[in-house]
Amino acid sequence: MPERIMPGLGLRAFYDPGQRNWGTSVSEDLRTLSVLVQARALSRSSVLPGSGNAGDIYIVPEGTPANAGALALWDGESGSETWVLLTPQPGWQVWIADEARHVRFEGAAWVEVPRPGIVPIRTLTATAHTLEVIDTGCIIETTGSSAVTITIPPEASVPFENGGLINVTQVGAGIATIAAAAGVSLNGVTAGSVALDGQWSGVALVKRGADAWVIQGALAGAVA
């Protein structure tokens, strides 16, 4: 049967007997497997050096004019080594040695894999923000001096998973208000919106069902 592309990593297999150059394809695919099984890169921020040592792997830094985000492997016959570039696929995960953390390719960029006990902090400087899926598991810090409104959108527009947790902390002087969009229930308050209790106060938002959220924390007007 003729060569065909396998699912997943896109490796090639099922060659016809004696098919031309099949050995080259197998060698290239084995190299890909060697890179990706327990993948480990030296850095994703260092500029790719002109040359490396055998087996060096980097992620080409964001903002690089060419091949940004690609996996670069120093490989080749002795005396003719070069940087071999692999185009990442969504879901690939790599350990970054100089950061001591895993990153995962999300289709457009490499993002940090959440670590137990470490919560990402997202800074909000605008005066309005509608929650996004990427906010899940984060602490949103409002830092401005003007009032800011954070809106919980309906499930039809942003499909958060049930059990999703988002924390909000008012770091700046501007009062932060949590508001539920039309059709969304915000349990824990009598109205569809509530302000935080002041600077350095915080709340937790948990999605418990379709268009149903719970808010808990330091709410304005709450009894101490």
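These numbers come from a predicted model, not from an experiment.

Focus: the packing of aromatic side chains
A complete count under the given rule lists four aromatic pairs for this structure. Aromatic side chains Tyr58 and Trp83 sit 5.7 Å apart centroid to centroid with 80° between the ring planes, which places their arrangement in the edge-to-face category. Placement of Tyr58 in strand β4 (residues 57–59) and of Trp83 in strand β6 (residues 82–86) is noted, with a sequence separation of 25 residues between them. Comparing Tyr58 with Trp83, the two get one shared label, buried. With a centroid separation of 5.1 Å and an interplanar angle of 65°, the aromatic rings of Trp74 and Trp83 are classed as edge-to-face.

Focus on the sheet that holds strand β12 (residues 139–142)
If you trace the six strands from one edge of the open sheet to the other, you get β10-β12-β14-β18-β19-β16, paired in mixed fashion. Each edge of the sheet is formed by a strand with only one pairing partner; in this case those strands are β10 (121–124) and β16 (185–187). Averaged over neighbouring strand pairs, the angle between their axes works out to 25° when direction is ignored. With six bridges joining them, strand β18 (residues 202–209) and strand β19 (residues 212–217) adopt antiparallel strand pairing. Bridging from a neighbouring strand, Gly209 pairs with Ala212 of β19.

Thoughts on the nonpolar core
Counting residues in hydrophobic clusters, the biggest one holds 24 residues, and the most contacted among them are Ile178, Leu186, Leu205 and Ile215. At the level of secondary structure, the elements contributing two or more residues to this core comprise β13 (148–152), β14 (165–170), β15 (176–180), β18 and β19. Those residues within four positions of Leu186 in sequence are excluded, and the remaining contacts are Ile152, Ile178, Ala180, Ala191, Gly192, Ser193, Leu205, Trp213 and Ile215. Counting residues in hydrophobic clusters, the runner-up holds 15 residues, among them Ala39, Val94, Ile96 and Trp110.

Structural notes on the sheet that holds β6
Spatially, β4-β5-β6 is the arrangement adopted by the three strands of the open sheet, whose pairing is antiparallel. Only two strands of the sheet have a single neighbouring strand rather than two, namely β4 and β6. Between one strand axis and the next, the sheet turns by 30° as a mean value, whatever way the strands run. Note that strand β5 (residues 71–75) and β6 share five bridges and pair antiparallel.

Thresholds applied
- Residues numbered from 1 in each chain as written.
- Predicted model: local features only at pLDDT ≥ 70, side-chain atom pairs only at ≥ 80, totals over all residues.
- Heavy atoms only, no water.
- Phe/Tyr/Trp six-rings, centres within 6.5 Å; stacked < 30°, edge-to-face > 60°.
- Helix = DSSP H or I, 4+ residues; strand = E, 2+ residues; numbered from the N terminus.
- Buried < 20%, exposed > 50% of the residue type's maximum accessible area, 1.4 Å probe, protein only.
- Pairing = 2+ DSSP bridges.
- Axes fitted to C-alpha atoms, helices over the stretch in contact; angles between N-to-C directions.
- Core = buried A, V, L, I, M, F, W, Y, C linked by side-chain atoms within 4.5 Å.
- Contact = heavy atoms within 4.5 Å.

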